[in-house]
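Each chain, written out:
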Amino acid sequence: MISIDLAHQTAIVTGASQGLGEATARLLHQAGANVVINFYPDDAGVNAAKANRIVEELGERAVAMGADVSQSSDVEQLFEAATARFGELRLVINNAGIIRDRTCKKMSDSEWQSVIDTNLTGVFNVCRTAATRLANGGRIVNFASISGSLGFFGQINYAAAKAGVMGLTKTLARELARQQITVNAIAPGIILTEMGQSIPEQHRAEMIKQIPLGRCAEPNEIASVVLFLCSELSSYVTGQVIHVSGGWYV
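Sequence order as written defines residue numbering, which begins from 1 separately in each chain. Given that this is a predicted model, residues contribute local features only at a pLDDT of at least 70 and side-chain atom pairs are listed and counted only at 80 or more, while totals for whole chains, interfaces and linings are drawn from all residues. Side-chain measures were taken over the full set of non-hydrogen atoms in the model, leaving aside hydrogen atoms and water.

Student: Describe the nonpolar core, listing the residues and the values that go with them.
Tutor: We define a nonpolar core as any set of buried Ala, Val, Leu, Ile, Met, Phe, Trp, Tyr and Cys residues linked to one another through side-chain atoms lying within 4.5 Å. Whether a residue is buried, partly exposed or exposed follows from its accessible area with a 1.4 Å probe, protein chains only, as a fraction of its type maximum: under 20%, in between, or over 50%, in that order. By size, the foremost hydrophobic cluster in this structure holds 35 residues, and its most contacted members are Leu6, Leu28, Ile37, Ile93, Ile186 and Cys230. Strands are runs of DSSP state E lasting at least two residues, helices are runs of H or I lasting at least four, and both sets are numbered from the N terminus onward. Within the residue set of this core, elements represented by two or more residues are β1 (10-13), α1 (19-30), β2 (34-39), α2 (46-58), β3 (62-66), β4 (89-94), β5 (134-143) and α9 (219-230). It is α9 that provides the largest number of residues to this core, a total of seven residues. Should any heavy atoms of two residues lie within 4.5 Å, those residues are counted as being in contact. Dropping the residues within four chain positions of it, leucine 6 is found in contact with Leu28, Ala31, Gly32, Ala33, Leu91, Leu227, Cys230 and Ser231. Val36, Leu89, Val123 and Val241 belong to the second-largest nonpolar core, a separate cluster that totals 31 residues.

Student: Which residues make up the pattern of salt bridges, and what values do they have?
Tutor: The rule for a salt bridge is simple: a side-chain nitrogen of Lys or Arg has to be within 4 Å of a carboxyl oxygen of Asp or Glu. For the structure on display, the rule yields nine salt bridges. A salt bridge links glutamate 76 to arginine 133, with the shortest nitrogen-to-oxygen separation between them at 3.6 Å. In this pair, glutamate 76 sits in helix α3 (residues 72-86) while arginine 133 sits in helix α4 (residues 109-133), placing the two residues 57 residues apart along the sequence. For glutamate 76, a relative accessible area of 34% translates into the label partly exposed. By sharing partners, the salt bridges in this structure join Glu22, Arg26, Arg53 and Glu57 into a single network.

Student: Could you give me a rundown of the side chain of serine 145, with the residues and numbers involved?
Tutor: Relative to the assigned elements, serine 145 resides in the loop between β5 and α5 (147-150). Judged by relative accessible area, which is 7%, serine 145 ranks as buried. Pairs of N or O atoms within 3.5 Å make up the polar contacts considered here, provided that, within protein, one atom can donate a hydrogen while the other can accept it, and that residues adjacent in sequence are counted only when both atoms are side-chain atoms. Here serine 147 takes part through its backbone nitrogen, which lies 3.0 Å from a polar atom of the side chain of serine 145. Other than its neighbours up to four places away in sequence, serine 145 contacts Tyr158, Lys162, Met166, Ile186, Ala187 and Pro188.

Student: Pulling in residues and values, what's your account of the packing of α4 against helix α6 (residues 156-175)?
Tutor: Axis definition: a line fit to C-alpha positions, over the contact stretch in the case of helices; interaxial angles, taken between N-to-C directions, run 0 to 180 degrees. Direction vectors running N to C along α4 and α6 enclose 15 degrees, while the axes themselves pass 8 Å from each other. Taken together, the axes of α4 and α6 are roughly parallel relative to one another. In this structure, α4 crosses over α6, and the sense of that crossing is right-handed. Mapping the contact onto sequence places Glu111, Trp112, Val115, Ile116, Asn119, Leu120, Val123, Phe124 and Cys127 in α4 and Ile156, Asn157, Tyr158, Ala160, Ala161, Lys162, Gly164, Val165, Leu168 and Leu172 in α6. Partitioning the contact of α4 with α6 into residue classes produces 14 nonpolar, three polar and two charged. With respect to orientation, any angle under 35 degrees is reported as roughly parallel, any angle over 145 as roughly antiparallel, any angle of 65 to 115 as roughly perpendicular, and every other angle as oblique. Each crossing gets its handedness from the near helix: less than a right angle anticlockwise from the far helix is left-handed, clockwise is right-handed. Three residue categories are used. Nonpolar comprises Ala, Val, Leu, Ile, Met, Phe, Trp, Tyr, Cys and Pro, charged comprises Asp, Glu, Lys and Arg, and polar comprises the others, including Gly.

Set out below in structure tokens:
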């Protein structure tokens, strides 16, 4: 029997208070890892409440930590706090992301910049810090998107950011190879999360017609690929963008 055991390893999962980030954090914890559930500290405290609820359910080896990944100082503090709590860091999952969909002609400066700041600059900030903090042999997994390859209508900001994540991943894999740190990206299709369900039903139905498996992904189906990339089973996999899209052609 082959099993994945992440005992005594610590993972930071950004944007983990809900959706795909939550599913990923839960699965890594189930495999034995310590998990840092990062959340965006909104003024109303909604994300903090969600993150703390997850920690209460998971119990030991889990902690909630707020940080805005678009701010490099927040990211530095996140890594310092995570190290102080659990010691050596080995796994980093860049999941935090937002959408502000609108066609190019109608998109405002703030709608463009906020998505770039979180979805691309945020990944850079986390990766730059991880490059000096991760143990040799560590793992970085970035979330790209099929939108970064296909360029969905009305997602010029999101598609640009996710395409940037793909390029960042390939470059960083080369730079960190001497430390035996692998860097990979996952490009999901449509996932049954709050973000995925925000796509208008009519548009979602048209998208599903292009998916050979004929359905959206469950969060755990994507998180399982993260688990593989965090394990020793993937020790020779780096610099890859893995499309987990139900066969949606790119």
